[in-house]
Amino acid sequence: MPSVFIKTYGCQMNERDSEAVAAQLVAKGYSLAPNEWVADVVLLNTCSVRDQAEQKAIGKMGNLIGQSKKSGRAPIFGFLGCMAQSRGRELIDSLPEVDLVLGTQKFHRAAEYLDSLLHGRARKVVDVEEESGSQGTIREHLAAAEGRKAVSAFVSIMQGCNQHCTFCIVPDTRGPERSRTIPEVVAECEQLVEQGVREITLLGQIVTSFGRREYPAVDGRSGFVQLLDAVHLIPGLERIRFTSPHPKGYGRDLVEAYGRLPKLVEHAHLPVQSGSNRILKLMHRGYTRERFLELVQELRSVKPDMGVTTDIIVGFPGETEAEFQETVDLCESVQFDQVYLFKYSPRRGTPAAEMENPVAEEVIEDRHQRLLTIINDIAMRRYEALVGKTQEILVEGPSRRNPARYEGRTRSNKIVVFDGSERQKGQVLTLKIERVGSFTLYGDPAIVGLDEPLVEVQAA
Ligand code: SAH
Ligand code: F3S
């Protein structure tokens, strides 16, 4: 059977989609190639959120094609996901060696189309149609397909987004909001937990809008909170995470859920985008700076240790220096644990791309640099504040930075590296934080509740 290599660009939804495609192909007998140079099928799962992400994938494909010509190998090449969706056939027009272009509602057809291409039944396949029910098709998990155990798993709960932020291409590439049903999501989570998974991250472009039409509020609880309640009941599940929410989706019900549901970890990724009310309005974000600050307060009053992370865009059209300073000021008052900072990138077909007064590139660059220094300093201080304290971590496995050591995450989503063993994988441990690296904590197993050593060793 052929081997496949999938390279993923972009967000966790893309990671999850790639995993489901890989699992689907492994179940059909494919092997996973160790790299792109030896694979029979090379798939690039693409991101369109910024131009740079698109250019990276196009550059990579050009490079793959060039290398294959030199070596005389002729693998099947495919583009999947967001850029496949937004550019479609145009991708084959500019790169004729590409065989497959598969849109965001068609991942589950990958095996079938590759089969046609490999057996000569089709010369090229482009499928970027909408497909009703596609929100329920990202189901297969790679660890299960390979007979491995995983500690942490992602579960896709919905596709698309209706918010139409004026800078964002996602509503185009991912389509309108479509949610799975609560029983479907719960069944998938239960199965994962039976296979040994301890932590589940519920995924979607705007998860707080989950089931808005299908599940009207019950006792003031939104469809999303009803889903959290249902997943929380699964015995053996240790932790629940979700991403990405929208700040305006944090009603009282969701804030209270952090106090009610012990499995719901103390982490909120709250994409703020800007600290200026005028810019927030132009972005069509649906909240003000004041409401955002109030929300952070509400969450911290329920859980003082809440890890708060965010996304920020600098250089949105018309952003003045004073408005940029309002973003700086907001970062200083919130003290985020981590900020994903982006330079505004105009996207085809979005309202912001047509707006007046684009900010000059060198100004965007300068604001990006200045804010980056500030947010990194703040984050470093947030991490350093944990030195000497104990933290509960879920052990995920060998450390990605240093495979001789082990790593896990705190409930607030910080990576902790420590001297561990395979036996501890999947366990919840309490570690004492010893020191800090770049967005990494280093810890030592702690004996909690004892100030004195258990055994006094007497000198003979
Ligand atoms: N809710 C989605 C948003 C996807 S885009 C999610 O997080 O999954 C992720 C982040 O990319 C956004 O929060 C925003 O900060 C950034 N982004 C989106 N469009 C952008 C653009 N045109 N230019 C720069 N950054 C952008
Ligand atoms: Fe994009 Fe805004 Fe939705 S950032 S994914 S349109 S919430």
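Shown above is the structure to which this text applies.
What counts, and where the lines are drawn
- Residues numbered from 1 in each chain as written.
- Chains lettered and ligands numbered in written order.
- Predicted model: local features only at pLDDT ≥ 70, side-chain atom pairs only at ≥ 80, totals over all residues.
- Heavy atoms only, no water.
- Helix = DSSP H or I, 4+ residues; strand = E, 2+ residues; numbered from the N terminus.
- Buried < 20%, exposed > 50% of the residue type's maximum accessible area, 1.4 Å probe, protein only.
- Contact = heavy atoms within 4.5 Å.
- Areas by Shrake-Rupley, 256 points an atom, 1.4 Å probe, with all protein chains shown as cover.
- Lys, Arg positive; Asp, Glu negative; His and termini not counted.
- Charge placed at Lys NZ, Arg CZ, Asp CG, Glu CD.
- Pairing = 2+ DSSP bridges.
- Axes fitted to C-alpha atoms, helices over the stretch in contact; angles between N-to-C directions.
- Phe/Tyr/Trp six-rings, centres within 6.5 Å; stacked < 30°, edge-to-face > 60°.
- Near = heavy atom within 4 Å.
- Nonpolar A, V, L, I, M, F, W, Y, C, P; charged D, E, K, R; others polar.
- Polar contact = N/O pair within 3.5 Å; in protein donor to acceptor, adjacent residues only side chain to side chain.
- Core = buried A, V, L, I, M, F, W, Y, C linked by side-chain atoms within 4.5 Å.
- Salt bridge = Lys/Arg side-chain N within 4 Å of Asp/Glu carboxyl O.
- Expected span 1.5 Å × (residues − 1).

**A word on the overall build of the protein chain**
Link 1 in the chain: The helix and strand tally for the protein chain stands at 14 helices and 19 strands.
Link 2 in the chain: Counting only C-alpha atoms, the protein chain reaches 75 × 60 × 50 Å along its principal axes.
Link 3 in the chain: Looking at the protein chain as a whole, 54% of its 460 residues are labelled buried.
Link 4 in the chain: Restricting to contacts in the protein chain with at least 6 residues of sequence separation, those with at least 24 account for 72%.
Link 5 in the chain: Per element, the accessible surface of the protein chain, about 20600 Å² overall, is 50% carbon and sulfur.
Link 6 in the chain: Averaging the positions of the 57 positive and the 63 negative side-chain charges in the protein chain gives two centres separated by 2 Å.

**Points about the sheet that holds strand β17 (residues 415–418)**
Link 1 in the chain: The strand order β15-β16-β17-β19-β18 describes a closed barrel built from five strands, whose pairing is mixed. The average angle at which neighbouring strand axes cross in this sheet is 50°, direction not considered.
Link 2 in the chain: Summarising the sheet, strand β18 (residues 428–437) and strand β19 (residues 440–445) pair through six bridges and their orientation is antiparallel. Paired with glycine 437 across the bridge in β19 is threonine 440.
Link 3 in the chain: Across the sheet, helix α14 (residues 361–384) touches β18 and β19, and the angle it forms with β18 is around 130°.

**Points about the packing of aromatic side chains**
Link 1 in the chain: Under the criterion given, the structure shown has six aromatic pairs.
Link 2 in the chain: Ring centres 6.3 Å apart and planes at 50° place the aromatic pair phenylalanine 292 and phenylalanine 336 in the tilted group. Of the two residues, phenylalanine 292 is situated in helix α12 (residues 289–302) and phenylalanine 336 in the loop between α13 (321–334) and β14 (338–343); the sequence distance between them amounts to 44 residues. Accessibility classification places phenylalanine 292 together with phenylalanine 336 in one group, the buried group.
Link 3 in the chain: Pairwise contacts between aromatic rings join Tyr287, Phe292 and Phe336 into one cluster.

**Here's the deal with the site of ligand 2**
Link 1 in the chain: Around ligand 2, the structure places Cys161, Gln163, His164, Cys165, Phe167, Cys168, Val170, Pro171, Ile206, His246 and Arg285.
Link 2 in the chain: Its residues assigned to classes, the shell around ligand 2 comprises seven nonpolar, three polar and one charged.

**Side note on the pairing of β18**
Link 1 in the chain: The pairing of strand β15 (residues 390–398) with β18 spans five bridges and is antiparallel. Residue leucine 394 lies in a different strand from β18, and its bridge partner there is valine 428.
Link 2 in the chain: Between β18 and β19, which pair antiparallel one after the other, the connecting turn spans two residues, and phenylalanine 439 there sits at a positive phi close to 50°.

**Digging into the site of ligand 1**
Link 1 in the chain: What surrounds ligand 1 is a group of 14 residues, the closest being Gln205, Ser244, Gln273, Asp311 and Ser345.
Link 2 in the chain: For ligand 1, a nitrogen atom lies 3.0 Å from a polar atom in the backbone of phenylalanine 167.
Link 3 in the chain: Aspartate 311 is positioned with one of its side-chain polar atoms (N or O) 2.6 Å from an oxygen atom of ligand 1.
Link 4 in the chain: In isolation ligand 1 exposes 540 Å². Once the protein is present, 90% of that is buried.
Link 5 in the chain: Here the shell around ligand 1 is composed, by residue class, of six nonpolar, four polar and four charged.

**Notes on the nonpolar core**
As a rule of thumb, nonpolar side chains are buried together in soluble globular proteins.
Link 1 in the chain: Counting 60 residues, the largest nonpolar core has Ile157, Leu202 and Phe242 as the members making the most contacts within it.
Link 2 in the chain: It is helix α8 (residues 182–194) that provides the largest number of residues to this core, a total of six residues.
Link 3 in the chain: Sequence-distant contacts of isoleucine 157, that is, excluding residues within four places in its chain, are made with Ser179, Arg180, Val185, Leu202, Leu203, Val207, Phe210, Phe224 and Leu227.
Link 4 in the chain: Ranked by size, the runner-up nonpolar core spans 24 residues in total, among them Val4, Ala23, Ala111 and Leu117.

**Topic: the sheet that holds β14**
Link 1 in the chain: Read across the sheet, three strands follow the order β12-β13-β14 without closing on themselves; strand pairing throughout is parallel. Looking along the sheet, the strands with just one partner apiece sit at the ends: β12 (267–269) and β14. Direction aside, the axes of adjacent strands within the sheet are offset by 10° on average.
Link 2 in the chain: The strands that α14 touches are β13 (307–314) and β14; relative to β14, the one it contacts most, it runs at about 175°.

**Description of the pattern of salt bridges**
Link 1 in the chain: Under the counting rule described, the total for this entry stands at 42 salt bridges.
Link 2 in the chain: Arginine 16 is the partner of glutamate 19 in a salt bridge, and the nearest nitrogen-oxygen pair spans 2.9 Å. Here arginine 16 and glutamate 19 lie together in helix α1 (residues 12–27), a separation of three residues that amounts to about one turn.
Link 3 in the chain: When the shortest N-O distance is used, the salt bridge between arginine 278 and glutamate 323 registers 2.6 Å. You can see arginine 278 sitting in helix α11 (residues 277–283) and its partner glutamate 323 sitting in helix α13, a full 45 residues away along the chain.
Link 4 in the chain: You can call glutamate 323 buried: its relative accessible area is 9%.
Link 5 in the chain: One salt-bridge network, held together by shared partners, links Glu54, Arg87, Glu90, Arg347 and Arg348.

**Description of α14**
Link 1 in the chain: Look at α14: 34 Å from first C-alpha to last across 24 residues, which is about the 34 Å you get at 1.5 Å a residue.
Link 2 in the chain: Where α14 is concerned, the buried positions are Ile364, Arg367, His368, Leu371, Ile375, Ile378, Ala379 and Tyr383.

**Brief notes about the environment of cysteine 161**
Link 1 in the chain: By secondary structure assignment, the location of cysteine 161 is in the loop between β8 (158–159) and α7 (170–174).
Link 2 in the chain: Given a relative accessible area of 9%, cysteine 161 falls into the buried group.
Link 3 in the chain: Residues cysteine 161 and glycine 175, 14 residues apart in the sequence, show an inter-C-alpha distance of 6.6 Å.
Link 4 in the chain: Not counting residues up to four positions away in its chain, the partners in contact with cysteine 161 are Val170, Pro171, Gly175, Pro176, Glu177, Gln205 and Ile206.

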